[in-house]
Structures are given as structure tokens and as C-alpha cells.
6 protein chains.
Amino acid sequence: MTTYHKPIDAAEVPRFAGHSTFMRLPAVASAEGLDIALVGIPWDGGTTNRAGARHGPREVRNLSSLMRSAHHVSGVAPFEIANIADVGDLSVNPIDLMDGIARIQRGMEEIVATGALPLSVGGDHLTTLPVLRAVSRGRTLGMIHFDAHSDTNDSYFGGNKYTHGTPFRRAIEEGVLDPKRVVQIGIRGSVYEPGEHDWAKAQGIRIIYMEEFVRRGPEDVIAEACEIVGMQETYITFDVDSIDPSMAPGTGTPEVGGFTTREAQQMLRLLGAVNIVGADVVEVAPPFDIGGMTALVGATMMFELMCVMAAQAERRRKR
Amino acid sequence: MTTYHKPIDAAEVPRFAGHSTFMRLPAVASAEGLDIALVGIPWDGGTTNRAGARHGPREVRNLSSLMRSAHHVSGVAPFEIANIADVGDLSVNPIDLMDGIARIQRGMEEIVATGALPLSVGGDHLTTLPVLRAVSRGRTLGMIHFDAHSDTNDSYFGGNKYTHGTPFRRAIEEGVLDPKRVVQIGIRGSVYEPGEHDWAKAQGIRIIYMEEFVRRGPEDVIAEACEIVGMQETYITFDVDSIDPSMAPGTGTPEVGGFTTREAQQMLRLLGAVNIVGADVVEVAPPFDIGGMTALVGATMMFELMCVMAAQAERRRKR
Amino acid sequence: MTTYHKPIDAAEVPRFAGHSTFMRLPAVASAEGLDIALVGIPWDGGTTNRAGARHGPREVRNLSSLMRSAHHVSGVAPFEIANIADVGDLSVNPIDLMDGIARIQRGMEEIVATGALPLSVGGDHLTTLPVLRAVSRGRTLGMIHFDAHSDTNDSYFGGNKYTHGTPFRRAIEEGVLDPKRVVQIGIRGSVYEPGEHDWAKAQGIRIIYMEEFVRRGPEDVIAEACEIVGMQETYITFDVDSIDPSMAPGTGTPEVGGFTTREAQQMLRLLGAVNIVGADVVEVAPPFDIGGMTALVGATMMFELMCVMAAQAERRRKR
Amino acid sequence: MTTYHKPIDAAEVPRFAGHSTFMRLPAVASAEGLDIALVGIPWDGGTTNRAGARHGPREVRNLSSLMRSAHHVSGVAPFEIANIADVGDLSVNPIDLMDGIARIQRGMEEIVATGALPLSVGGDHLTTLPVLRAVSRGRTLGMIHFDAHSDTNDSYFGGNKYTHGTPFRRAIEEGVLDPKRVVQIGIRGSVYEPGEHDWAKAQGIRIIYMEEFVRRGPEDVIAEACEIVGMQETYITFDVDSIDPSMAPGTGTPEVGGFTTREAQQMLRLLGAVNIVGADVVEVAPPFDIGGMTALVGATMMFELMCVMAAQAERRRKR
Amino acid sequence: MTTYHKPIDAAEVPRFAGHSTFMRLPAVASAEGLDIALVGIPWDGGTTNRAGARHGPREVRNLSSLMRSAHHVSGVAPFEIANIADVGDLSVNPIDLMDGIARIQRGMEEIVATGALPLSVGGDHLTTLPVLRAVSRGRTLGMIHFDAHSDTNDSYFGGNKYTHGTPFRRAIEEGVLDPKRVVQIGIRGSVYEPGEHDWAKAQGIRIIYMEEFVRRGPEDVIAEACEIVGMQETYITFDVDSIDPSMAPGTGTPEVGGFTTREAQQMLRLLGAVNIVGADVVEVAPPFDIGGMTALVGATMMFELMCVMAAQAERRRKR
Amino acid sequence: MTTYHKPIDAAEVPRFAGHSTFMRLPAVASAEGLDIALVGIPWDGGTTNRAGARHGPREVRNLSSLMRSAHHVSGVAPFEIANIADVGDLSVNPIDLMDGIARIQRGMEEIVATGALPLSVGGDHLTTLPVLRAVSRGRTLGMIHFDAHSDTNDSYFGGNKYTHGTPFRRAIEEGVLDPKRVVQIGIRGSVYEPGEHDWAKAQGIRIIYMEEFVRRGPEDVIAEACEIVGMQETYITFDVDSIDPSMAPGTGTPEVGGFTTREAQQMLRLLGAVNIVGADVVEVAPPFDIGGMTALVGATMMFELMCVMAAQAERRRKR
């Protein structure tokens, strides 16, 4: 009999009632004792165009009230096999970029120090940089990256090195990511120049453009991705703009021609063999959302990742 | 030369003009003389989370003004071969669940008594229970059920047996449905527990999860469904949440990863051989809709069903 | 130095961050030790037309994040002078009207039993009936009632006695309210029949129609209201549809020509001398709201009431 | 005992149920036997900027479901004292301006020929020109005109004489309106040139700008208006853009600083002594509306006008 | 080193800043010297139901701010190889259909006279008729036509020959289009009568219905289309309602079951061998759009067409 | 005969056509030769809660297309008496606060150096700080400040001195503003602590709270304001959140109970005697706006200010 945290039962308390937390789980003050810490990072200081992802965690919490207790395909019942709770939002600073990054790093370090694996909701994609720093703990990580954009540009607005278009360039420069173990899936949309991705490719990043994905399909692509990241520690980052704007309009930099949610779900469900040390869903921007559609997609992708991570936690425990 | 009811001609009266009825057909006081009775059931008393389907009939009527007079694939011109009209909305009770169910049943019995086949627009999915009772007329029906949810739970909120999550459990218990002739297509989304569908399966219901559908495709799946229901009387129920939330956001319980409208249309067009005794489109919830998108999907699915039913009416007449 | 609960400081944690509670106060498990218990009643089972107030507490919590710590006119700093917290939502039943009412009454009785005064957010106006039962504790209460509608009808839909159009008829019949100490302000809009309010007037209820309010102004009207309710225990109920639909569109039964928020604030600020035993803000229906406008009005009216109630709590303590 | 048409009783059939007609009255095929014919004119062919008023009648019908059976201030119960019904929409032509005008005129002439007084819902303000022609029947009419704009310009786009900015210039030139018996109330907003209203004033039209209205108030202004139009036949035209855009955003040419709905209601209620031969509410443009707010305002103003006209019908009958 | 016009650099000036032009290119007064003239045609005078495409150019300009400088699949950097600019909007007349058509034709003739190829944004589909007249310059054109509708009806509303449902019938009658070199792709939705497309087919137009497209896929279909139009001058017209309404809701005549944006992009990218003499994107109707979704699709399709046309301009120059 | 810039004539070119600029004036590259420079400042780097004002200039430009050429009350025809044009947007930096402020200051200094008076559209209220620095040119300015908030706090988030809650504290500390010549009108809403405004008052700022405004009315309040600022150079800053959220919902920090637009217009029209050296409209945040309502209010207030400033320019020229 487990004593893990359980969500409020929707057959007793309706989904619109009660405090709003991720997956209707208890809000806890610390990640201590958790296998997986669900955490919000309400910060979009790196956004170069349409801000709003700062409001992402609140709306993903709201829409995660539609999630239930078990996965209908894998049969995983995450709350039976892993201890999971909502540890709240990290401290942020909406008007000071470098302090914002520093606060996120410190907050995430506290979570990681407990041994819990973080599953966070941004926030813009620059939040993933301090998260990677905290999660890496001296290790160089692999990464499976779902996105419309490579986010490996160098700088904006006359030399600004830290924006949501640059985090993975920084992470590679800092040695936090091993570019040879990084795969980016779903990249598409017009580019600043024909050679925009040359730096990334030169580092060894494998870019699977949307067109290649369409030809090969989810299974083949994820098989390759798993091979690239291998058995070492790997981070999963899911930018909601990888999904088509018709399904995820509430994001700052939409690009038509994206993944369907079906395709995204299919891919996430195939990550069971990856050695996941943390994951996130980013760029849900509620001021641009429509009827909570994007927040629902974000909550669902979070649920998919949580089920994979819970099954891994169980396996680790049994070893 | 037929004397059947005809819609107002949009090349004479623009689509935004005139009283709003299903398919711009005449509003008639009784189903007497009709082959197919288009009817609204504005009731969502069984909704456990986000109510609003009570407003469904009005908005589906509005958007059905975009439908025209013939089917571009089958060539069926329904209003030439069957007598069809809008018989209005059934009497309902928005604040008394059991009275609401009873009123719907009585209203539907009156329609069925005329010999017209009902094609209704809900309302939440609990409305299908009293409709099935009325349509069955002592017979045990088969059912092809398009939905994200099985709707075969037992009870909610401390023993409430009648909600939009339970109608088909009740219908089977009451002998109105033959579970061995029930097929559910498109089921997906997180579940309350891994065994949530065990009861349904134990009764003999065939559940075709979304993932199986994606693998096999519309034609194969519908071929199996037709085999399951056989030549006996069968009801078709189409929950708009079977469609992906990007295409049908206006519904109470959205689940990402649903049918595309193309897939749904393809399936409905293949139902010609089924012995249809009634059909419905349910769970269109306008307060959650966006720009009438879901009501348009509802109206289109209604049109698809109407064309199939009209062709059957013509065949029956010719026999 | 007080040890009362304090809201999260928005100059440290931005308003979009952190768990969403009323006024950013702590979520507590019980009303024990509180002066004022902020509580949600997510239930709209009595709604005869456009449901949605069940979602009211969640959105009012979200928008109450814009409230700060002191009142700019009265200078009251409620969290310095009274112990206030968010006690969560009462248990409800969205599909069983009588059980819903019973659960609300039981939940409210528990709060009242601690000695805390409830300040609740509905929910539709039928929620006020079980709340009044719980708050009255054998006493007959007076009431100041801000609303577009008198809500003293007898029944709907063939004899249904419990809807959001009937609560105060029931409360008077039950002896919970003393009609001679009830004043209704802002009543307007078309009526079912010219004599619709005759029963209420015959009981002794003082109805101040919008037109009289416009002529006399907030101060004069509230002076009369205070005189009517006198020094005995009085409940304050604020239906957000008393406000003009341009300022509070998110409600089930809008009537143009309502209060401005300025007028409403002016009235609530004048209630200091009333012996308030509880208060509520009802009929905020987010599915019909626009940009959170109505939830912000609801949160602001809640803040106004809270400041008045906190000042009274301090005065009681000093006596 | 009257045998007049009655609306569907909302205490029996909920407001969201049943076919959508003006005031939930029966849809009738002809105005024969009616005192007041409620009629839609779904046409915006004269719109120079943001079209959409063609969709006005449908949405005003929908929102008029919120109207009830009696006036809470005057006590008038219109359906007890006058025979009123919904005669549907006039024939229009959305792509041919001159044919559109001609169809509207013919349709309105048929109504007027029955002796019924028309109360119509546009449509843009150019619809009032053919309506005035039909209603005048050789007489020169007075007019009380609520609007942000004088609509007495001469031409647009290189000589186009018929737009929604010119109807009353045309009506005066045609002798349908007597400019000395025309009063325009609420005129405001920037103008094309300082002398834009010189022509109108030179004809004798009395323009009461918003600023004068604010100084004098509804009663004084309407007293003057009644004096201007005198006891002869007078038409009432209510452009919904006379209302402030916060209350009526769904219109093509919004101007901030408009009437509140309270002020508008107050004015319409004072028209009892005017010899009203017809009235309209125009420029409700649903594609620019928000949550039905403007359609509700339109329906309410229609209700106010209907009550005044019904009382006049009763008085005429008694004479 | 080219001296072609360049867009404002978004890494210097954020996308939300600066004047709004197509692709952030300079606004120029004349097409002189351009290879491709980007031009708006803000006119929807031919719209039979839901107008609003008159607002299309402004919103497509706004959303085109999200486009960048190079194509990620073809590698084409259009602004390096062709001279492209925004020549503004053509003169239109919103209230006079025939004058509107004449103005568009004259405006387009001026552009064509400079030798620039027009890439325009409508406006409704009737705008394509005067554009074809101007572009043809005595030649009979082929056309690849992406649409849900054939737009080859004869007349509406009692003989009106010019609506957005008739342009290609007129163009064929006038000899501007060669029906044997016209292919229509994506046609679907209910039809006015089973034989609605008989005239078009009799002329030799090749209609590829959506169902055929789904079976064969983009590559096969475009291969056939290219064969049909051959090496002679061909116009490309892209009606945004060819896209599914979930991805392009902001249009006047939505039909469910449309192209995905992926499919549309795939098709447009295969048009390199067609002898394109002009192209357009039409029927973006912002009043019905949601969050700019449709304008973004329109801007993206415009970008795809621009890249193909720029590559052709470069090839022509090199010859 | 003036040779001043003129807006595009809406009776020739419809309001929805043509490039979008402030008041449909020409876009010019420099302020040289202008009396009044209309300029956008698309920057919200100082926003502590809901960002989005960066998108303000674009939407205010769009909605300013509804403005015409003359003022209906004052009779001022600004484009006849002053040279006015749209000088575009200032350079900004969305991700570096201090660089953003510096860029705005430099850009504004260039405008001011030409002798043109700036009338800008923000942007959040922190933009007014660098604008004041540029406009002051060594002088200490007075200011009339319309706002719900005093914006004189000291710091946020652990010492951040530059946010949209602090600009006027900084401006006073820097000697740019003379606090004894600063008047703030419309201040309201809950405060962080009872003494929040003590610093401002101690400096000599005159705060006219909303409640005092309601008692005294626009004329009396502006008379006092004019006296306070006297004949010396004065800046006018208009925060759109001074307006009630029902009229201006699209702003980051809404406070119910605000000015009506009528009141605001009345106040601005009375500023003719003030020695205005620049003015702005700030905090229009389109992502939170509804149907362009707030952008229309912003454009209208800009028009009102422009008319006052144009009349002053004419008077100066005549001296």
C-alpha cells in the first residue's frame, strides 16, 4: 500500500472546485521525499516578441484539472508508483533578466538537491538554461528537444546574449549540454538566414526538421533520438510551439505546420528507455491563448511526461 | 416530383437572413409525415464539470445555415428523397435531473410514435439515455458510438447514477442496449483508474481506442463496427468531443489527440449499410466554443448523418 | 504586533506567481481561529438559464491577486486588524440540487461553528439560501441585498421551488430572514408580470428600484437601508448582476442599466454601522465573462466587504 | 380577455430553448392583424467601414430571449394590450446596393399596408431610408434620432449618394422627412471638417450634441425633442452607436463618450406623447460584438420602444 | 552585392515595433523596379454571407511580421535574389460593386505595366476577377486554384452575376482563363445541387476534390496540376478557406475537412516549375478570425508563394 | 494656404485601407519641421505583472483610423493649423531594462532637438521617465498625471528601482519633475500599505483621489490642476488605466471605479491654458484588450491631446 500523494478525486469533488494545483495534487512546501516535483517557472524575461509565458503555470494548473489518474495506453497509474506533488512556483524577477535567471537556478538547485526530478512548466524557453545548469550538477547532459525553433542563436538587440532564442547556445558553451547528445525535433518556419543553423550543426546537434519528421513518422524519429542520447542523463524539453498553432495558439512565436497533439503524444510515450533527469513544458502564453486550448495541451504533455517519469521512478526503486 | 420540405434557397435569401432552423428547413409543430425529424434537446443536467451544452441546439441551428442541399461525395440530395423538418426543441427542466430525463423521454416518444426517425442535437450525453429508451420501443438496440469517453461509469458524487459519464451503463442495465452490439470508437485520454473500462469490456462492448484507430484507419474500423452491429436496429451517437479540441473546442470535457473532422466525415459516410433507427450529435457547448467552430462541426456531422439516413429512407420507400 | 495571516507580498513575488488563493492569503484547512473565512461555493444548480457560476470561485481567486493590503479611502489595513484566510471551497454536488443545497449548508455550518464570519463567493444566488440557514443559527436575520432581481419568485418549470429566482421567498418562509428587515437595491429589468414583486412587498421587503436609486444616490439609499436593518444581525448579499453588464458581463442574467462599480463601492463603504454576520458575492459566471472583467469586479467587491468586516472585527475585539 | 400573441413562458420553457424569435413571440407569415410588427432587416450594404450589421437581427433575436413580459417602471404589459409578433426578415440583397434598398422598401410597404406599425432591427443606418419611404406614405415625417453621427453627409467614394452616412440627407431631399421636425441627440466624435453639420443645421435639424445632453440631462432634452416633433407623425430611430462603446462595442463606427444605457432607457420611456408611426434599432454588428453585449442592449432598447408603442396602440384602440 | 529592398531586421527592431508592412519590407509608392509587388486589396463587395475580408490586408501585414528572411526547406533567401516591396493597397469602393471591380482592375493594371509580378492579399475571391483581367494582358491564363469552393456559379439573388461565388465563370466567359488549363484543388463541402460543378467540368476544368487529394497526397496532385497548366502563363490563387477551419477560422465560408497547413505548404513548395505571372491569397476575414490565426496562415502562404516567385525571378534574370 | 501634412481622406480611401499610421497621417523619417511628432514607444520592460503594452503603438495606430479631421466641440481642425506626422516608433530593447530606457531617451532627444513637441503612445509608464528626461532639457517640469496609481513607489523585487510603479519617484529625485507642480488625478484602488502615498505627498505632489474627483467634477479639478502647474512648462501623461476597466480593459493593472471616457475627454479639453511641452498615452496593452476597445480609447485621448496641442502651436506661431 503506497502512501504517495494523491490527486483530489473528481468523482467526489468536481473538477472546477478546490484549489488549483498541478494534477489536483497537494501543494507542498518542499520537494523533500518526492520522486517528481511539479513546479512552475512564471517568467518570460527572455521573450523577444510576444511576452505572456509568465502566466503559463497558473493556466496549466487550471487546465490540468482535466487530467485523471491513469494513462489509458500504457496503463501507468503514476500516483500509485511514484511520489509526486506540486511544489509551487520558483522565485522570479520579471524586470531584471540576470537576476531572474539566477533566482530560477537557485530555486531549481534546491529541488534537485532533494533528489526529486523536476518536471516544470514555464515560462519562456530561456528558463530552461538555469534549469539545465541546476539539473546537470557537474554532469554534461543530453537533451531531446521538441520545438519549432533551434534556439541556438548567438545574440539579439545589439549583443544581448540571453534571450529565449539563445539558451542552448549558452548551455553548450557552458558545458552543460553535450551537443552530440542533443536532438531537436520539429524545427521549421522561416529563418533569419539560410545558414542560421550552421553553428548548431557544427557542434554536432542533430536537427530533425518537420519535413523529415513528416516523412519518417514518430516511431522512427524517436528511435533515432533515443540512440543519440544513449543511456546517459538526458533532459526533455517540450516547447509548446512545436505543436501546430491551431492546437496551441497561445504561444509567443507560432509557426504553422507543426506537430499534431497525436504525434506529440506518440513521441513522448516512446521515451521510456531514456534516462530522464528532468523535463519541462515551456512557452504556454495565456494572453495569446484561446479558451485554454494551449494550456490544455501543455497540461496533457506534462501528464504524458509525468507518466513516463513515474514508470522510471518505479523501475529505479525496484532495482 | 416530391413535395418534401425544402430549405430556404441561399441564392435567394442570404444565409444570415430568415429564422434560424436546422438546415434552414421549415419549423413544424409535429413529426407527423416526416422521414427524419431534426430536433433539439437543450439540456445538460448530467454534466459533471463544464456545463453549457444546453445552448447547443440554438448554435447548431445557426451554423447549420452554412449547409447546402446536396452531398458532394455521395451525390445524395436529402431534401429530394426524404421528408425532413425541424420539429423544435424537446421540453426540458434545467434544474431537476430526473424530471429532465423524463421530459426528454416523453418528447422523444411522441416523435418516434409518428414513425419519423429522430436526428437530435444535445445537450449533454446523458440525453442519449432517455432518447434510447424512446427509440428502442421494446427492442434492444445496437449502437455505434463516437466519443473520447466510454461513458460507462457507475456513479459520481456519492452515488449519483445519472450523469453524462454513465448513460450507457444504465442503458445496458435497462436492456435498452445490447452491449455485444455496441462499439465505441475514438476513446482516449487519461482514465480514473487502469481498470475503468473493465466493466464495459466484460459486457461485450468493443472499445476501439484512438491509438488503434490511428493504426487501422477509418475504413477498416467502420467495417468492423458494421459487422458488430449487424443488420438489426442500431443507434448512432456522435459526441463532438471525439473530435480534436482544436477543431471542436466548445465542449465540456475536451481531450487532445482526437479525430480530425476529415476522419469523422469519412467514417459517417461509410454507415450506409447500418440499420439506423436514430442518431444524435451531443456535447456542443457554446459558452466554451470559439467563433462557432464547434457548432459548425456539429452541424456538419448532423448533415453527414442526415444524408445517410435520407438515402436509407429512400431505399426503404422503394422496397 | 499581530500574528494574523498575511498575503504574499507582490513587491517580492509577482502577482502572476504562486498558488491562486483569495487575496493571496494562505490556504488553511479550517476556519478555526479566523475572524473572517473567505470561502468558495462553486455551485450553480439553481440556474434557470445560463449556468457557469460554478466556475466563479476559481476566477475570483485569480483576479483577487490584483488586490493589495490596504483600503485607499478608509485606510483600513484588513490583514493587520483581523485574522483572515482562504478556507477553500465547500463541498458541492453539481448534478443533484437538493444534495447540493444540503452540502453547502453543512459546510457553512462548520465554518460558522468556529465563530468565523463567512465571506463567500458563489455560485449562483440559490447558494445564499443554505448559507443563510447556516449563518442564522436560530436567529432571524436582516439582509441588504444588491441585485437586479428580487429573487422572490415562487417556482419554475412546473413547481420547482428551489432555483436562483426563489431563494429569498424560501428563506422568509423558513423564518431565516425577517422580511421587514430586508432591503433590495438596484432591482430593474423587465418582469414576468406587473405584479411580480407584490408578494415581496406584502411581506414587508423594501425594494429600491434602480430608478429610485438614480434619483436619490448611494448615500441616501444606504442611510435608509441601515435604518431598515437596524442593529440586529444582518447578512449582505451582492449579486454581481446588480452591476451594469458593461462592467460585469460574466453573469447569467444580465440587465442593462445597472450600478456602476463606483456606485457599488460607495455603497459598500457605507455599511460600517451594520451588524454584519456574513456576506457573499454571487453570480460571477466565467464562461460568459470577458477578459476576467467580472471576476475583477467580484474580487473588488469582496475586498470592499472584507475591509468593512475587518474593521468590525477589530471593534468587537476592542470592546 | 385578449387573444393577442404571447411569448413563450420562461418559467415553463427555459430561455435557451425553443426557436429564436423577437421576444420569444410567434413567428408569423404576415403583419395582418398586428398592432406592432417586429421585423429584421439584415442588410449593411451602406457601410463604409466595418460591415456586420447584416447579422444584427439574428443576434438581437437571440438576446431578446432575456426580455420578459412587463415593464418594471411603467407597468406596461405589452402583450396584454397590443397584438405583436415576429414577421421575420425583409428580403435583402447583400451585393447590390440599389436593389437592396428597393427590396427593403417593398417589404416594409407590405407591412405598413396592413396597418401594423413596424419596429425593426437593422442592418445599418441606410436601411432607415427605405423604411422611412414606406412608413411615410405620402406624409412628411418628424424624427427623433439617437446617434453618435448626424448621417447627413452628401456622398462618399467619388459621388456615392447612398451610404450609412447619408440617409437623412436623402430623406430630406426626397421630402420624406421634415427637417424642422427632426432632432438628433447624442451627436459626438471627431468630424470630417468643422462645418460638417452646417447643411443639416441650415435645413432646420436640431442637433443636441452629447455635451449639451450631459449638461441638461435626459428629461430636459426629451421635453425639447417632443416639442420639436409635435403631435404629427414621427419616426424613432435608435442607432446603437449612440450608446457608449463600452456598453455597445458591437457596432461599425464606435465613438467613445456615449450615452449610458440608463440614460437611453430614461429617454425612451419619455416618448409616450410622441405620435410614433414606426421605430428601429440599427447598427448592431455582431462580428464586432463581445459576448452578445450589444445585441442585449439592442434587444432592451427594442423592448423599451415596444412598450411605449404598445401603450399607444391601446390608447388608440380606446379612443 | 544586391541593392534590393530588405525587411527590418528583427534582431535589431523587435517584431512588434515599426510600421506594419508586408514582411516588414519598405512601403513604396510604385511597383517600378520591383520583381514582385506585394499589394493589398481590401474589398469584399462580392461576399454573399459573412463579409470582413476587406480587413484582410491590414491583419496579414501585422502577422507577416513573424516571417523571417529565408526559407528553411528550399534555402531561398527571397530578398537577396529579387526586388520586393509593399506597394500598399489598391483603391477600392466598399459600397459600389461594379466601381469596386473597376478600381481594382485599374490599380492592378498599373502594377502589371511596370513589369512587376503581383502577389496580392484580398479581399474576397471576387477580387481575383479584375486581377486576372489585369494580369492577362490579352493572354489566356492557366490557373492553379486552392479552395473549398469551385466559385464557378452563375448568379445569385435574382441574377447578380458578380459575387465571390462566380469569378471564374466570368473569367472563362471573358476569355481571361483557359478552362482546360485550370485545376481546382481541395473542393469540398455540401453543394447547392448534385450538378453544381457540371458547368465547370464541361468547360474542361479539372476539379480535384478533397477526398481525391487525401487519397493521392500533395506530391501526386501537384504533379498533375503542373502538367495541366503546362509551361504557359499561369496564375496561382489561394483561398484561405481551402485550409481547415480549425487552422483558418477567420473566413466567410468555412468548410470542415480542409487542408492542413502542412499539406498546403507542401503543395506550394512544389510550384517551382510553373510559369507564375501572379498570385494571391484571399478570403482572410479578420472579424471572424481568432487570435490572428488565419492572418498568420495567410502571411505564411504569402511567404511560401513569394519564395517560389523570387526563385523564378532570379532564374529569369540569369537567362 | 497651409502645406501641412494631411490624413488620408476617409471619404476617398476607406478607413480599413492603406498603411496604418497615427491618424492616417504620413509616416515621416524625422520630426524636422513638425509642430507635433506622433511617436510610438513599444516597450513594457518595467511591467511588474501583466506585460503587453509593447504592442500598444501598433493597435492605437490601427484604431486611430477612426479619428477624423476636426474636433466637434472646440472646432479645432488640427491638421490645418499645425504640422503633424507619424515619426514611427522609437528604438527599444525588450530584454534589457537599462538599455531600453537609454534607447528611449536618446530617441526622444532627437525628436525634441528638432523643436517638435512629442505626443507619444506607450508602452508602460516607465517609458515616461526617459521621455521626461529628454523633454526637460535642463528645465524642471510640471506634470498633470491621469492615472489610477501614483507610480511613486521606491523599488520592487529586492531593490529594483526602475519599474512602471516608480517612474515619478525617479523623475523627482533626478530633478526632472518639480513635485510641487505635479498633480495626480484619479488615483484609486487598494494600496500596499496605508502610507503608500506619504512620500509623494511629502514632496508636495497633489493627489486628487477618485473620490474627490467624483465629488468635485472635471471642471473644478482641472481648474485646480491648472493653477498648480501654472504657466511654466508642463508635461501631460495619461495612463489608460485611469479610465474604468469596462471602457479600457486592455491594460496591465486595471482598477474598477475609474473615469468614464466622457469625464476624461472633458478634462483634456480644459487643458488649453497649460504650457504643454509634451504628452503621452500609456499602458494600452492589446493582449488584454477586447475588440480594440482600449486602443480606441487611447486613440481618442491622443486625438483630444493633439487638438489642444495644435491650438497651442497655432497660438505660438501667431505671437
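Everything here concerns the structure above.
None of the values given here were measured: they were computed from a predicted structure. (Residues numbered from 1 in each chain as written. Chains lettered and ligands numbered in written order. Predicted model: local features only at pLDDT ≥ 70, side-chain atom pairs only at ≥ 80, totals over all residues. Heavy atoms only, no water.)

Draft legend 1. Seen up close, the overall build of chain A. For chain A, the helix and strand inventory stands at 10 helices and eight strands. Computed over its C-alpha atoms, the radius of gyration of chain A comes to 18 Å, within 12% of the 20 Å expected for a compact globule of 319 residues. In terms of overall dimensions, chain A has C-alpha extents of about 55 × 40 × 40 Å along its principal axes. By the burial criterion, 72% of the 319 residues in chain A qualify as buried. Taking all contacts inside chain A whose residues are at least 6 apart in sequence as the whole, residues at least 24 apart take part in 76%. Summing over all exposed atoms, chain A offers an accessible surface of approximately 9000 Å²; the carbon and sulfur share of this is 50%. Between the averaged position of the 30 positive side-chain charges in chain A and that of its 40 negative side-chain charges there is a distance of 4 Å. (Helix = DSSP H or I, 4+ residues; strand = E, 2+ residues; numbered from the N terminus. Rg over C-alpha atoms; globule rule 2.2 N^0.38 Å. Buried < 20%, exposed > 50% of the residue type's maximum accessible area, 1.4 Å probe, protein only. Contact = heavy atoms within 4.5 Å. Areas by Shrake-Rupley, 256 points an atom, 1.4 Å probe, with all protein chains shown as cover. Lys, Arg positive; Asp, Glu negative; His and termini not counted. Charge placed at Lys NZ, Arg CZ, Asp CG, Glu CD.)

Draft legend 2. Main features of the packing of aromatic side chains. Enumeration over the complete set of coordinates arrives at 24 aromatic pairs over all chains. Both rings, one in Phe213 of chain B and one in Phe259 of chain B, keep their centres 4.8 Å apart while their planes meet at 70 degrees; by these two values the pair is edge-to-face. Taken as a pair, Phe213 of chain B in helix H7 (residues 210-216) and Phe259 of chain B in the loop between strand E7 (234-239) and helix H9 (261-268) lie far apart in primary sequence, 46 residues in all. On the accessibility criterion, Phe213 of chain B (1% relative accessible area) is buried. With a centroid separation of 6.3 Å and 80 degrees between ring planes, the pair formed by Tyr156 of chain F and Tyr192 of chain F is classed as edge-to-face. Separated by 36 residues along the polypeptide, Tyr156 of chain F in the loop between strand E4 (141-146) and helix H5 (167-173) and Tyr192 of chain F in the loop between strand E5 (177-187) and helix H6 (198-203) bring together distant segments of the chain. A cation over an aromatic ring shows up here: Arg50 of chain A above the ring of Phe288 of chain A, its NZ or CZ 4.2 Å from the ring centre. (Phe/Tyr/Trp six-rings, centres within 6.5 Å; stacked < 30°, edge-to-face > 60°. Lys NZ or Arg CZ within 6 Å of the ring centre and 35° of its normal.)

Draft legend 3. Quick look at the interface of chain D and chain E. On the side of chain E, 22 residues touch chain D, which itself brings 22 residues to the contact. The contact between chain D and chain E buries some 1600 Å² in all, and 56% of this surface belongs to carbon and sulfur atoms. The largest share of the area that chain D buries against chain E comes from Arg54, Ile95 and Phe157 of chain D, three residues that together contribute 37% of it. On the surface where chain D and chain E come into contact, there are six residue pairs in polar contact (both at pLDDT 80 or more). When its residues are assigned to classes, the side of chain D that touches chain E shows eight nonpolar, 10 polar and four charged. (Buried area = accessible area lost by both parts, 1.4 Å probe. Polar contact = N/O pair within 3.5 Å; in protein donor to acceptor, adjacent residues only side chain to side chain. Nonpolar A, V, L, I, M, F, W, Y, C, P; charged D, E, K, R; others polar.)

Draft legend 4. Here's a closer look at the interface of chain A and chain B. Across the boundary between the two partners, chain A contributes 30 residues, which contact 33 residues of chain B. Interface of chain A and chain B: buried area, both sides summed, is about 2400 Å²; carbon and sulfur atoms make up 60% of it. It is Arg68, His72 and Arg262 of chain A that lose the most area in chain A upon contact with chain B, and together they represent 33% of the buried surface on that side. For the pair chain A and chain B, the interface holds three salt bridges. Between Glu255 of chain B and Arg68 of chain A there is a salt bridge, and its shortest N-O distance comes to 2.9 Å. Joining chain A to chain B, the criterion identifies 13 residue pairs in polar contact (both at pLDDT 80 or more). Mapped onto the side of chain A that touches chain B, the elements with two or more residues apiece are helix H9 (261-268) and helix H10 (293-318) of chain A. In terms of residues, the side of chain A that touches chain B owes the most to one element, H10 of chain A, which gives five residues. Looking at side-chain class alone, the side of chain A that touches chain B contains 16 nonpolar, nine polar and five charged residues. (Salt bridge = Lys/Arg side-chain N within 4 Å of Asp/Glu carboxyl O.)

Draft legend 5. Geometry of helix H4 (residues 128-136) of chain D. All names here are of chain D. Counting buried residues along H4, nine of its nine residues qualify, which places the element largely inside the surrounding structure. Of all the positions in H4, only Thr128, Leu129, Pro130, Val131, Leu132, Arg133, Ala134, Val135 and Ser136 are classed as buried. Immediately beyond the C-terminal end of H4, within one or two residues, lies Arg137, with a positive phi of roughly 50 degrees.

Draft legend 6. Expanded view of the sheet that holds strand E1 (residues 36-41) of chain C. Residue and element names in this part refer to chain C. Read from one edge of the open sheet, eight strands run E2-E1-E3-E8-E7-E4-E5-E6, paired in parallel fashion. Each having just a single partner strand, strand E2 (84-89) and strand E6 (206-209) make up the two edges of the open sheet. The average angle at which neighbouring strand axes cross in this sheet is 15 degrees, direction not considered. Sheet topology places strand E4 (residues 141-146) next to strand E5 (residues 177-187); five bridges connect them, and they run parallel. In the strand pairing of E5, His145 is matched with Gln184. Sitting on the sheet, helix H1 (residues 56-63) is in contact with E1, E2 and strand E3 (117-122), with an inclination near 105 degrees to E3. (Pairing = 2+ DSSP bridges. Axes fitted to C-alpha atoms, helices over the stretch in contact; angles between N-to-C directions.)

Draft legend 7. View of the packing of helix H3 (residues 97-113) of chain C against helix H4 (residues 128-136) of chain C. Residues and elements named next belong to chain C. At a minimum axis separation of 8 Å, H3 and H4 run at an interaxial angle of 35 degrees. Every pair of crossing elements has a handedness; the one defined by H3 and H4 is right-handed. Side by side, H3 and H4 meet where Ile101, Ile104, Gln105, Met108, Glu109 and Val112 of the first sit next to Pro130, Val131, Arg133, Ala134 and Val135 of the second. The class makeup of the residues in the contact of H3 with H4 is eight nonpolar, one polar and two charged. (Left-handed = near helix turned anticlockwise from the far one by under 90°.)

Draft legend 8. Expanded view of the nonpolar core. In terms of nonpolar packing, the biggest core is built from 62 residues, with Met23, Leu38, Ile144, Phe146, Ile185 and Leu271 of chain B touching the most fellow members. Tallying contributions element by element places helix H10 (residues 293-318) of chain B first for this core, with 15 residues. Look past the residues within four positions of Leu271 of chain B in its chain and what remains in contact with it is Ile144, Phe146, Ile222, Ile236, Ile276, Leu305, Val308 and Gln312 of chain B. Judged by nonpolar contacts, the second largest core, of 61 residues, contains Phe146, Ile228, Met301 and Ala310 of chain F. (Core = buried A, V, L, I, M, F, W, Y, C linked by side-chain atoms within 4.5 Å.)

Draft legend 9. Highlighting unusual backbone geometry. In this structure, the amide linkage connecting Gly122 of chain D to the following residue, Gly123 of chain D, adopts the cis form with an omega of 10 degrees. Within the element layout of this structure, Gly123 of chain D appears in the loop between strand E3 (117-122) and H4. Phi is positive for Arg24 of chain A, which is not a glycine, with a value near 60 degrees. Checked against the element boundaries, Arg24 of chain A lands in the segment before strand E1 (36-41). In this structure, Glu283 of chain C takes a positive phi of about 70 degrees despite not being glycine. Relative to the helices and strands, Glu283 of chain C is located in the loop between strand E8 (275-282) and helix H10 (293-318).

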